[in-house]
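# Descriptive structure summary
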Amino acid sequence: KLWRVLLLVERRERGERKRRVPQRQREAGRPRQGMKELDAEVTKDVVALTAAVPMPVPLQKNGYRVGDLEPSGAVNRVAEASGEGGEVRTQVSPYQAIPASGKIVRNLAEAQPVLSFNTEKERKEAVSKVIRDYAELLRKRTATHMGYPYNLAFEYGDLDCLLKYCINNLGDPWIESNYGVHSRQFELGVLNWFAQLWEVDQKDYWGYITNCGTEGNLHGILVGRENLPDGILYSSDESHYSVFKAASMYRMDCKKVRSLVTGEMDCDHLRRLLEENKARPAIVNVNIGTTVKGAIDDLDEVIKILGEVGYTEDRFYIHCDGALFGMMIPFIKEAPLVTFKKPIGSVSVSGHKFMGCPTPCGLVITRSRYINALSDDIEYLNSRDATIMGSRNGHAAIYMWYTLTMKGYEGFREDVKRCLKNAHYLHSLLFSQGIRTMLNERSSTVVFEKPRSEKFVRKWQLACQGDIAHVVVMPNITKEKIEAFVKELCETRRIN
(Lines give C-alpha, C1' and ligand atoms only; values in the text may rest on other atoms or scores of the structure.)
Protein backbone atom coordinates (compact mmCIF):
# COMPACT_ATOMS: atom_id res chain seq x y z
CA LYS A 1 0.00 0.00 0.00
CA LEU A 2 1.66 3.15 -1.18
CA TRP A 3 0.56 6.45 0.26
CA ARG A 4 1.44 10.05 -0.41
CA VAL A 5 2.06 12.82 2.00
CA LEU A 6 1.95 16.50 1.15
CA LEU A 7 4.81 18.21 2.86
CA LEU A 8 4.42 21.75 4.16
CA VAL A 9 7.85 23.24 4.70
CA GLU A 10 7.95 26.36 6.84
CA ARG A 11 10.39 28.80 5.30
CA ARG A 12 10.38 32.53 5.67
CA GLU A 13 9.23 34.38 2.52
CA ARG A 14 9.34 31.23 0.48
CA GLY A 15 5.70 30.46 1.24
CA GLU A 16 4.32 27.01 1.77
CA ARG A 17 5.47 24.79 -1.03
CA LYS A 18 4.60 21.19 -1.68
CA ARG A 19 7.05 18.42 -2.25
CA ARG A 20 6.50 14.81 -3.05
CA VAL A 21 7.75 12.33 -0.45
CA PRO A 22 10.35 9.93 -1.90
CA GLN A 23 9.37 6.40 -2.86
CA ARG A 24 11.40 4.91 0.01
CA GLN A 25 9.59 7.02 2.58
CA ARG A 26 6.15 6.15 1.17
CA GLU A 27 7.01 2.50 1.50
CA ALA A 28 7.59 3.07 5.20
CA GLY A 29 3.78 3.16 5.52
CA ARG A 30 3.53 -0.55 4.75
CA PRO A 31 2.87 -3.12 7.48
CA ARG A 32 5.86 -3.94 9.63
CA GLN A 33 8.65 -5.85 7.98
CA GLY A 34 11.51 -7.88 9.25
CA MET A 35 14.76 -5.98 9.60
CA LYS A 36 16.51 -7.94 6.89
CA GLU A 37 13.71 -7.22 4.41
CA LEU A 38 13.73 -3.57 5.33
CA ASP A 39 17.51 -3.42 5.07
CA ALA A 40 17.36 -4.77 1.54
CA GLU A 41 14.85 -2.10 0.54
CA VAL A 42 16.36 0.86 2.30
CA THR A 43 19.92 0.29 1.09
CA LYS A 44 18.81 0.85 -2.52
CA ASP A 45 19.45 4.52 -3.03
CA VAL A 46 18.24 5.29 0.47
CA VAL A 47 19.66 8.77 0.59
CA ALA A 48 21.61 11.07 -1.63
CA LEU A 49 23.87 13.71 -0.20
CA THR A 50 21.35 16.31 -1.32
CA ALA A 51 18.64 15.34 1.18
CA ALA A 52 17.64 13.09 4.02
CA VAL A 53 14.03 12.59 5.12
CA PRO A 54 11.63 15.47 4.38
CA MET A 55 9.38 16.76 7.12
CA PRO A 56 5.64 16.15 6.68
CA VAL A 57 2.69 17.80 8.41
CA PRO A 58 2.44 17.35 12.20
CA LEU A 59 -0.39 15.42 13.81
CA GLN A 60 -3.34 17.21 15.37
CA LYS A 61 -2.35 17.61 19.00
CA ASN A 62 -1.89 20.71 21.12
CA GLY A 63 -2.97 23.00 18.30
CA TYR A 64 -0.90 21.49 15.48
CA ARG A 65 -2.34 20.83 12.02
CA VAL A 66 -3.49 17.49 10.72
CA GLY A 67 -2.07 15.98 7.57
CA ASP A 68 -4.61 15.31 4.86
CA LEU A 69 -3.38 11.76 4.42
CA GLU A 70 -2.11 9.32 7.00
CA PRO A 71 -0.89 5.73 6.70
CA SER A 72 -3.47 3.25 7.87
CA GLY A 73 -2.90 0.86 10.72
CA ALA A 74 0.00 2.64 12.39
CA VAL A 75 -1.30 3.32 15.87
CA ASN A 76 0.69 4.12 18.95
CA ARG A 77 -0.94 4.09 22.35
CA VAL A 78 0.19 7.00 24.50
CA ALA A 79 -2.34 6.88 27.33
CA GLU A 80 0.21 6.10 30.02
CA ALA A 81 2.69 8.79 29.01
CA SER A 82 0.13 11.53 28.41
CA GLY A 83 -2.26 10.76 31.21
CA GLU A 84 -5.10 10.71 28.68
CA GLY A 85 -7.08 7.88 27.23
CA GLY A 86 -7.36 6.97 23.58
CA GLU A 87 -4.98 6.40 20.74
CA VAL A 88 -2.98 8.72 18.50
CA ARG A 89 -2.45 7.78 14.87
CA THR A 90 1.16 8.05 13.79
CA GLN A 91 2.82 9.07 10.57
CA VAL A 92 6.28 10.11 9.43
CA SER A 93 6.13 13.48 11.11
CA PRO A 94 7.89 15.74 13.54
CA TYR A 95 7.58 14.10 16.91
CA GLN A 96 4.99 15.94 18.94
CA ALA A 97 5.82 16.09 22.60
CA ILE A 98 3.45 14.35 24.97
CA PRO A 99 3.19 16.57 28.06
CA ALA A 100 5.69 15.25 30.55
CA SER A 101 7.79 16.53 33.38
CA GLY A 102 10.75 15.19 35.25
CA LYS A 103 13.49 16.15 37.62
CA ILE A 104 17.19 15.95 36.94
CA VAL A 105 18.48 12.80 38.60
CA ARG A 106 21.88 13.00 40.25
CA ASN A 107 23.68 9.80 39.34
CA LEU A 108 26.95 10.35 41.15
CA ALA A 109 29.72 7.93 40.30
CA GLU A 110 31.32 6.10 43.16
CA ALA A 111 34.71 7.63 43.95
CA GLN A 112 37.80 5.64 43.02
CA PRO A 113 39.99 5.90 46.14
CA VAL A 114 43.63 6.87 45.83
CA LEU A 115 45.47 3.67 46.69
CA SER A 116 48.06 3.23 49.41
CA PHE A 117 50.21 0.11 49.87
CA ASN A 118 53.20 -1.11 51.83
CA THR A 119 55.19 -2.39 48.87
CA GLU A 120 55.78 -1.12 45.36
CA LYS A 121 54.81 -4.51 43.91
CA GLU A 122 51.40 -4.41 45.57
CA ARG A 123 50.88 -0.86 44.39
CA LYS A 124 51.70 -1.65 40.74
CA GLU A 125 49.51 -4.77 40.71
CA ALA A 126 46.57 -2.93 42.24
CA VAL A 127 46.87 0.04 39.91
CA SER A 128 47.17 -2.24 36.89
CA LYS A 129 43.98 -4.04 37.90
CA VAL A 130 42.10 -0.75 38.34
CA ILE A 131 43.17 0.43 34.89
CA ARG A 132 42.31 -2.92 33.25
CA ASP A 133 38.88 -2.94 34.84
CA TYR A 134 38.28 0.64 33.79
CA ALA A 135 39.39 -0.09 30.22
CA GLU A 136 36.88 -2.95 30.08
CA LEU A 137 34.15 -0.66 31.37
CA LEU A 138 34.98 1.89 28.66
CA ARG A 139 34.90 -0.84 26.01
CA LYS A 140 31.42 -1.94 27.09
CA ARG A 141 30.06 1.59 27.29
CA THR A 142 31.50 2.51 23.91
CA ALA A 143 29.77 -0.52 22.37
CA THR A 144 26.34 0.79 23.42
CA HIS A 145 26.79 4.52 22.86
CA MET A 146 24.17 6.10 20.60
CA GLY A 147 22.88 9.34 22.07
CA TYR A 148 25.65 11.93 21.93
CA PRO A 149 27.45 13.35 18.88
CA TYR A 150 30.81 11.70 19.40
CA ASN A 151 32.60 9.80 16.66
CA LEU A 152 34.17 6.89 18.53
CA ALA A 153 35.68 5.29 15.41
CA PHE A 154 39.26 6.48 15.59
CA GLU A 155 42.78 5.12 15.91
CA TYR A 156 45.67 7.26 17.09
CA GLY A 157 48.22 4.56 17.91
CA ASP A 158 50.84 6.38 15.83
CA LEU A 159 50.69 9.28 18.30
CA ASP A 160 51.16 7.29 21.51
CA CYS A 161 54.83 8.28 21.58
CA LEU A 162 53.79 11.90 22.21
CA LEU A 163 51.89 11.25 25.44
CA LYS A 164 55.04 11.55 27.52
CA TYR A 165 55.30 15.25 26.65
CA CYS A 166 53.44 18.21 28.14
CA ILE A 167 52.48 19.99 24.93
CA ASN A 168 50.97 23.39 25.67
CA ASN A 169 50.02 25.94 22.98
CA LEU A 170 49.57 28.80 25.41
CA GLY A 171 48.97 32.24 23.95
CA ASP A 172 48.48 33.33 20.37
CA PRO A 173 48.96 30.54 17.77
CA TRP A 174 50.98 32.90 15.54
CA ILE A 175 53.30 34.26 18.24
CA GLU A 176 55.58 31.71 19.88
CA SER A 177 56.03 32.09 23.63
CA ASN A 178 59.15 31.23 25.64
CA TYR A 179 57.68 27.77 26.33
CA GLY A 180 59.15 25.57 23.63
CA VAL A 181 57.18 22.32 24.01
CA HIS A 182 54.25 23.26 21.78
CA SER A 183 52.55 22.17 18.56
CA ARG A 184 51.87 25.54 16.94
CA GLN A 185 52.98 24.30 13.53
CA PHE A 186 50.21 21.67 13.60
CA GLU A 187 47.69 24.18 14.96
CA LEU A 188 48.40 26.63 12.14
CA GLY A 189 48.09 23.84 9.59
CA VAL A 190 44.64 22.94 10.95
CA LEU A 191 43.53 26.57 11.03
CA ASN A 192 44.62 27.12 7.44
CA TRP A 193 42.73 23.99 6.37
CA PHE A 194 39.50 25.31 7.88
CA ALA A 195 40.14 28.81 6.54
CA GLN A 196 40.26 27.33 3.05
CA LEU A 197 37.12 25.28 3.77
CA TRP A 198 35.23 28.42 4.87
CA GLU A 199 36.72 30.61 2.14
CA VAL A 200 38.68 33.24 4.03
CA ASP A 201 42.19 34.38 3.08
CA GLN A 202 44.95 33.57 5.52
CA LYS A 203 45.75 37.25 5.98
CA ASP A 204 42.11 38.05 6.84
CA TYR A 205 41.40 35.57 9.65
CA TRP A 206 42.45 34.78 13.19
CA GLY A 207 41.60 31.67 15.19
CA TYR A 208 42.79 29.01 17.56
CA ILE A 209 42.15 25.46 18.68
CA THR A 210 39.84 25.47 21.68
CA ASN A 211 39.32 23.00 24.50
CA CYS A 212 35.71 22.27 23.46
CA GLY A 213 32.77 23.52 21.40
CA THR A 214 31.50 25.63 24.29
CA GLU A 215 34.74 27.61 24.32
CA GLY A 216 34.27 28.30 20.61
CA ASN A 217 30.82 29.76 21.31
CA LEU A 218 32.11 31.73 24.29
CA HIS A 219 34.86 33.21 22.15
CA GLY A 220 32.75 33.96 19.09
CA ILE A 221 30.09 35.74 21.15
CA LEU A 222 32.77 37.58 23.16
CA VAL A 223 34.29 38.92 19.93
CA GLY A 224 30.85 40.15 18.92
CA ARG A 225 30.27 41.79 22.31
CA GLU A 226 33.69 43.50 22.35
CA ASN A 227 33.16 44.93 18.87
CA LEU A 228 29.52 45.88 19.52
CA PRO A 229 29.46 46.61 23.28
CA ASP A 230 25.80 47.71 23.22
CA GLY A 231 24.70 44.77 21.09
CA ILE A 232 21.81 42.44 21.90
CA LEU A 233 22.38 38.71 21.53
CA TYR A 234 19.71 36.86 19.49
CA SER A 235 19.59 33.06 19.47
CA SER A 236 16.86 30.46 19.02
CA ASP A 237 15.44 28.59 21.98
CA GLU A 238 16.85 25.38 20.44
CA SER A 239 20.43 26.67 20.73
CA HIS A 240 23.08 24.96 22.80
CA TYR A 241 23.03 26.03 26.43
CA SER A 242 26.53 27.50 26.10
CA VAL A 243 25.12 30.39 24.06
CA PHE A 244 22.97 31.51 26.98
CA LYS A 245 25.84 30.78 29.35
CA ALA A 246 27.86 33.30 27.34
CA ALA A 247 25.08 35.89 27.65
CA SER A 248 25.06 35.38 31.42
CA MET A 249 28.85 35.50 31.78
CA TYR A 250 29.18 38.66 29.69
CA ARG A 251 26.07 40.32 31.18
CA MET A 252 24.56 40.71 27.72
CA ASP A 253 20.95 41.45 26.91
CA CYS A 254 19.67 38.32 25.22
CA LYS A 255 16.52 37.68 23.19
CA LYS A 256 15.38 34.09 22.66
CA VAL A 257 13.96 33.56 19.20
CA ARG A 258 11.19 31.00 18.84
CA SER A 259 11.81 27.87 16.80
CA LEU A 260 9.77 26.03 14.20
CA VAL A 261 8.62 22.51 14.93
CA THR A 262 11.71 21.26 13.07
CA GLY A 263 13.98 23.10 15.53
CA GLU A 264 15.03 25.77 13.03
CA MET A 265 14.97 29.43 14.01
CA ASP A 266 11.63 31.16 13.32
CA CYS A 267 12.84 34.00 11.12
CA ASP A 268 9.51 35.84 11.35
CA HIS A 269 9.97 36.10 15.10
CA LEU A 270 13.59 37.16 14.64
CA ARG A 271 12.43 39.98 12.34
CA ARG A 272 9.94 41.24 14.94
CA LEU A 273 12.56 41.21 17.69
CA LEU A 274 15.07 43.06 15.51
CA GLU A 275 12.51 45.69 14.56
CA GLU A 276 11.62 46.22 18.21
CA ASN A 277 15.29 46.77 19.13
CA LYS A 278 16.79 48.22 15.96
CA ALA A 279 18.30 51.15 17.84
CA ARG A 280 20.90 48.75 19.22
CA PRO A 281 23.37 46.54 17.30
CA ALA A 282 22.59 42.86 16.82
CA ILE A 283 24.77 39.85 17.69
CA VAL A 284 23.11 36.80 16.16
CA ASN A 285 23.96 33.17 16.91
CA VAL A 286 23.11 30.97 13.92
CA ASN A 287 22.92 27.23 14.57
CA ILE A 288 24.51 24.95 12.00
CA GLY A 289 22.71 21.97 13.51
CA THR A 290 20.72 22.38 16.73
CA THR A 291 21.59 20.27 19.75
CA VAL A 292 18.44 18.13 19.99
CA LYS A 293 16.87 18.06 16.51
CA GLY A 294 19.86 18.74 14.26
CA ALA A 295 18.10 21.64 12.53
CA ILE A 296 20.05 24.19 10.50
CA ASP A 297 19.12 27.85 10.84
CA ASP A 298 18.71 29.72 7.56
CA LEU A 299 21.85 31.87 7.48
CA ASP A 300 20.96 33.54 4.20
CA GLU A 301 17.51 34.49 5.49
CA VAL A 302 19.02 35.90 8.70
CA ILE A 303 21.39 38.10 6.67
CA LYS A 304 18.53 39.20 4.42
CA ILE A 305 16.33 40.15 7.38
CA LEU A 306 19.11 42.15 9.02
CA GLY A 307 19.47 44.20 5.85
CA GLU A 308 15.74 44.69 5.39
CA VAL A 309 15.26 45.84 8.99
CA GLY A 310 18.01 48.42 8.47
CA TYR A 311 21.15 46.92 9.98
CA THR A 312 24.32 47.78 8.09
CA GLU A 313 27.22 45.34 8.30
CA ASP A 314 28.99 47.47 10.89
CA ARG A 315 25.96 47.12 13.20
CA PHE A 316 25.61 43.33 13.31
CA TYR A 317 27.82 40.36 14.06
CA ILE A 318 26.93 36.75 13.24
CA HIS A 319 28.46 33.78 15.03
CA CYS A 320 27.86 30.35 13.48
CA ASP A 321 27.73 27.49 15.98
CA GLY A 322 28.76 24.51 13.87
CA ALA A 323 29.81 22.20 16.71
CA LEU A 324 28.72 19.03 14.87
CA PHE A 325 27.21 19.86 11.48
CA GLY A 326 29.71 22.59 10.74
CA MET A 327 32.06 19.74 9.86
CA MET A 328 29.43 17.86 7.82
CA ILE A 329 27.65 20.59 5.84
CA PRO A 330 30.64 21.37 3.54
CA PHE A 331 30.54 17.78 2.26
CA ILE A 332 26.79 17.67 1.52
CA LYS A 333 25.86 18.53 -2.04
CA GLU A 334 23.58 21.56 -2.37
CA ALA A 335 23.61 22.21 1.38
CA PRO A 336 23.56 25.84 2.54
CA LEU A 337 27.07 27.25 2.54
CA VAL A 338 28.84 28.53 5.61
CA THR A 339 31.44 30.87 4.21
CA PHE A 340 33.22 34.09 5.08
CA LYS A 341 32.22 35.39 1.67
CA LYS A 342 28.98 36.14 3.50
CA PRO A 343 29.01 38.83 6.23
CA ILE A 344 29.56 36.49 9.17
CA GLY A 345 31.89 37.20 12.07
CA SER A 346 32.98 33.77 13.32
CA VAL A 347 32.49 30.02 13.02
CA SER A 348 33.22 27.32 15.59
CA VAL A 349 33.30 23.51 15.38
CA SER A 350 34.13 20.68 17.75
CA GLY A 351 37.03 18.33 17.12
CA HIS A 352 35.82 15.46 19.30
CA LYS A 353 32.48 15.14 17.53
CA PHE A 354 32.42 14.33 13.83
CA MET A 355 36.20 14.45 13.45
CA GLY A 356 36.68 11.86 16.20
CA CYS A 357 39.47 13.30 18.35
CA PRO A 358 40.00 11.31 21.58
CA THR A 359 39.99 14.41 23.81
CA PRO A 360 37.45 17.27 23.91
CA CYS A 361 38.61 20.05 21.61
CA GLY A 362 37.41 22.42 18.95
CA LEU A 363 38.25 25.37 16.78
CA VAL A 364 37.05 28.93 16.26
CA ILE A 365 37.86 31.28 13.39
CA THR A 366 37.00 34.98 13.17
CA ARG A 367 38.01 37.90 11.00
CA SER A 368 41.38 39.37 11.92
CA ARG A 369 39.99 42.88 12.05
CA TYR A 370 37.74 41.91 14.94
CA ILE A 371 40.37 40.36 17.19
CA ASN A 372 42.21 43.55 18.16
CA ALA A 373 39.38 44.33 20.57
CA LEU A 374 40.47 41.31 22.66
CA SER A 375 44.19 40.93 22.08
CA ASP A 376 46.72 41.91 24.79
CA ASP A 377 50.49 41.61 25.13
CA ILE A 378 51.42 39.19 27.93
CA GLU A 379 54.99 39.79 29.12
CA TYR A 380 55.04 36.59 31.21
CA LEU A 381 54.42 34.52 28.07
CA ASN A 382 56.42 36.74 25.71
CA SER A 383 53.33 36.45 23.47
CA ARG A 384 49.95 37.97 22.79
CA ASP A 385 46.72 36.35 23.92
CA ALA A 386 43.14 36.75 22.70
CA THR A 387 42.02 33.25 23.72
CA ILE A 388 39.59 32.30 26.47
CA MET A 389 41.60 29.69 28.37
CA GLY A 390 45.25 30.72 27.91
CA SER A 391 46.88 27.29 28.24
CA ARG A 392 45.62 24.98 25.53
CA ASN A 393 46.02 21.28 24.87
CA GLY A 394 48.77 20.94 22.30
CA HIS A 395 47.93 17.28 21.74
CA ALA A 396 44.51 18.32 20.39
CA ALA A 397 46.12 20.24 17.53
CA ILE A 398 48.09 17.13 16.57
CA TYR A 399 45.00 14.89 16.75
CA MET A 400 43.08 17.25 14.48
CA TRP A 401 45.97 17.59 12.04
CA TYR A 402 46.40 13.81 11.96
CA THR A 403 42.70 13.23 11.24
CA LEU A 404 42.52 15.85 8.49
CA THR A 405 45.66 14.44 6.87
CA MET A 406 44.67 10.76 7.08
CA LYS A 407 41.07 11.23 5.89
CA GLY A 408 41.28 14.12 3.45
CA TYR A 409 38.24 15.65 1.78
CA GLU A 410 37.09 12.39 0.22
CA GLY A 411 37.33 10.52 3.51
CA PHE A 412 35.08 13.04 5.23
CA ARG A 413 32.71 13.01 2.28
CA GLU A 414 32.33 9.24 2.57
CA ASP A 415 31.81 9.48 6.34
CA VAL A 416 29.05 12.05 5.84
CA LYS A 417 27.35 9.97 3.18
CA ARG A 418 27.41 6.86 5.37
CA CYS A 419 26.05 8.75 8.39
CA LEU A 420 23.12 10.20 6.43
CA LYS A 421 22.35 6.81 4.94
CA ASN A 422 22.41 5.08 8.32
CA ALA A 423 20.32 7.86 9.88
CA HIS A 424 17.69 7.26 7.19
CA TYR A 425 17.89 3.53 7.92
CA LEU A 426 17.34 4.06 11.66
CA HIS A 427 14.46 6.44 10.95
CA SER A 428 12.83 3.85 8.66
CA LEU A 429 13.24 1.04 11.21
CA LEU A 430 11.69 3.11 13.99
CA PHE A 431 8.77 4.12 11.80
CA SER A 432 8.20 0.55 10.64
CA GLN A 433 7.80 -0.44 14.29
CA GLY A 434 5.15 2.22 14.97
CA ILE A 435 7.49 4.59 16.81
CA ARG A 436 6.97 8.28 16.08
CA THR A 437 10.16 9.74 14.75
CA MET A 438 11.63 12.76 12.98
CA LEU A 439 14.66 13.34 10.79
CA ASN A 440 15.49 16.80 9.47
CA GLU A 441 16.87 17.35 6.00
CA ARG A 442 20.63 16.96 5.72
CA SER A 443 20.84 15.75 9.31
CA SER A 444 22.02 12.61 11.06
CA THR A 445 20.07 13.32 14.26
CA VAL A 446 17.08 10.98 14.57
CA VAL A 447 14.50 12.16 17.10
CA PHE A 448 11.90 9.80 18.57
CA GLU A 449 9.71 9.15 21.59
CA LYS A 450 11.66 8.92 24.81
CA PRO A 451 11.81 5.26 25.86
CA ARG A 452 9.93 4.56 29.08
CA SER A 453 12.64 2.25 30.34
CA GLU A 454 15.27 4.25 32.23
CA LYS A 455 17.51 1.20 32.14
CA PHE A 456 17.39 1.26 28.34
CA VAL A 457 18.11 5.00 28.25
CA ARG A 458 21.11 4.54 30.53
CA LYS A 459 22.46 1.54 28.64
CA TRP A 460 22.37 3.28 25.24
CA GLN A 461 23.36 6.65 26.76
CA LEU A 462 20.51 8.49 25.08
CA ALA A 463 20.28 12.26 25.25
CA CYS A 464 16.74 13.16 26.37
CA GLN A 465 14.85 16.42 26.61
CA GLY A 466 11.34 16.39 27.98
CA ASP A 467 9.67 13.36 26.45
CA ILE A 468 11.84 13.01 23.37
CA ALA A 469 15.19 11.33 22.84
CA HIS A 470 17.58 11.27 19.94
CA VAL A 471 20.31 9.23 18.34
CA VAL A 472 23.09 11.11 16.56
CA VAL A 473 24.37 8.78 13.86
CA MET A 474 28.15 9.05 13.72
CA PRO A 475 30.68 7.04 11.66
CA ASN A 476 31.02 4.47 14.46
CA ILE A 477 27.29 3.60 14.40
CA THR A 478 26.83 0.68 12.04
CA LYS A 479 23.72 -0.97 10.64
CA GLU A 480 24.27 -3.89 13.00
CA LYS A 481 24.29 -1.58 16.02
CA ILE A 482 21.18 0.20 14.73
CA GLU A 483 19.34 -3.10 14.32
CA ALA A 484 20.31 -4.25 17.81
CA PHE A 485 19.19 -0.90 19.23
CA VAL A 486 15.77 -0.97 17.55
CA LYS A 487 15.19 -4.62 18.45
CA GLU A 488 15.89 -3.97 22.12
CA LEU A 489 13.82 -0.78 22.07
CA CYS A 490 10.83 -2.68 20.69
CA GLU A 491 11.23 -5.34 23.38
CA THR A 492 11.25 -2.72 26.15
CA ARG A 493 8.12 -1.09 24.69
CA ARG A 494 6.27 -4.40 24.85
CA ILE A 495 7.33 -4.92 28.47
CA ASN A 496 6.64 -1.36 29.60
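The structure under discussion appears in the preceding block.
In this report, the structure presented in the accompanying data block is examined. (Residues numbered from 1 in each chain as written. Predicted model: local features only at pLDDT ≥ 70, side-chain atom pairs only at ≥ 80, totals over all residues. Heavy atoms only, no water.)

### Topic: unusual backbone geometry
- Phi at glutamate 199 takes a positive value of approximately 60°, unusual for a residue other than glycine.
- Along the chain, the position of glutamate 199 falls in the loop between α5 (184-197) and β3 (205-210).
- By relative accessible area, which is 36% here, glutamate 199 ends up partly exposed.
- A positive phi is found at glutamine 461, a non-glycine position, where the angle reads about 55°.
- Checked against the element boundaries, glutamine 461 lands in the loop between α12 (454-460) and β14 (463-465). (Helix = DSSP H or I, 4+ residues; strand = E, 2+ residues; numbered from the N terminus. Buried < 20%, exposed > 50% of the residue type's maximum accessible area, 1.4 Å probe, protein only.)

### As for the pattern of salt bridges
- According to the stated counting rule, one finds 19 salt bridges in the structure shown.
- Two residues, lysine 203 and aspartate 201, come together in a salt bridge whose shortest N-O distance is 3.3 Å.
- Judged by its relative accessible area of 64%, lysine 203 falls in the exposed class.
- Among the charged side chains, a network of salt bridges with common partners joins Asp201, Lys203 and Asp204. (Salt bridge = Lys/Arg side-chain N within 4 Å of Asp/Glu carboxyl O.)

### Observations concerning the sheet that holds β14
- Taken together, the four strands give an open sheet; going across it, the order is β12-β13-β15-β14, and neighbouring strands pair in antiparallel fashion. Since the sheet does not close on itself, it has two edges, and those belong to β12 (437-439) and β14, each with one partner. The average angle at which neighbouring strand axes cross in this sheet is 25°, direction not considered.
- One ladder, built from five bridges, connects strand β13 (residues 445-449) with strand β15 (residues 468-472); its direction is antiparallel. Bridge pairing in β15 links valine 447 to histidine 470.
- Here helix α11 (residues 394-432) sits on the sheet and contacts β12, β13 and β15; the angle it forms with β12, its principal contact strand, is near 160°. (Pairing = 2+ DSSP bridges. Axes fitted to C-alpha atoms, helices over the stretch in contact; angles between N-to-C directions. Contact = heavy atoms within 4.5 Å.)

### Describing the packing of helix α8 (residues 267-276) against helix α9 (residues 299-309)
- Where α8 meets α9, the axes come as close as 10 Å, and the angle between the chain directions of the two elements is 30°. It follows from the interaxial angle that α8 and α9 lie roughly parallel. In the crossing of α8 with α9, the sense of the turn from one axis to the other is right-handed. Residues Cys267, Leu270, Arg271, Leu274 and Glu275 of α8 touch α9, and the partners they reach there are Glu301, Val302, Ile305, Leu306, Glu308 and Val309.
- Partitioning the contact of α8 with α9 into residue classes produces seven nonpolar, no polar and four charged. (Parallel < 35°, antiparallel > 145°, perpendicular 65-115°, else oblique. Left-handed = near helix turned anticlockwise from the far one by under 90°. Nonpolar A, V, L, I, M, F, W, Y, C, P; charged D, E, K, R; others polar.)

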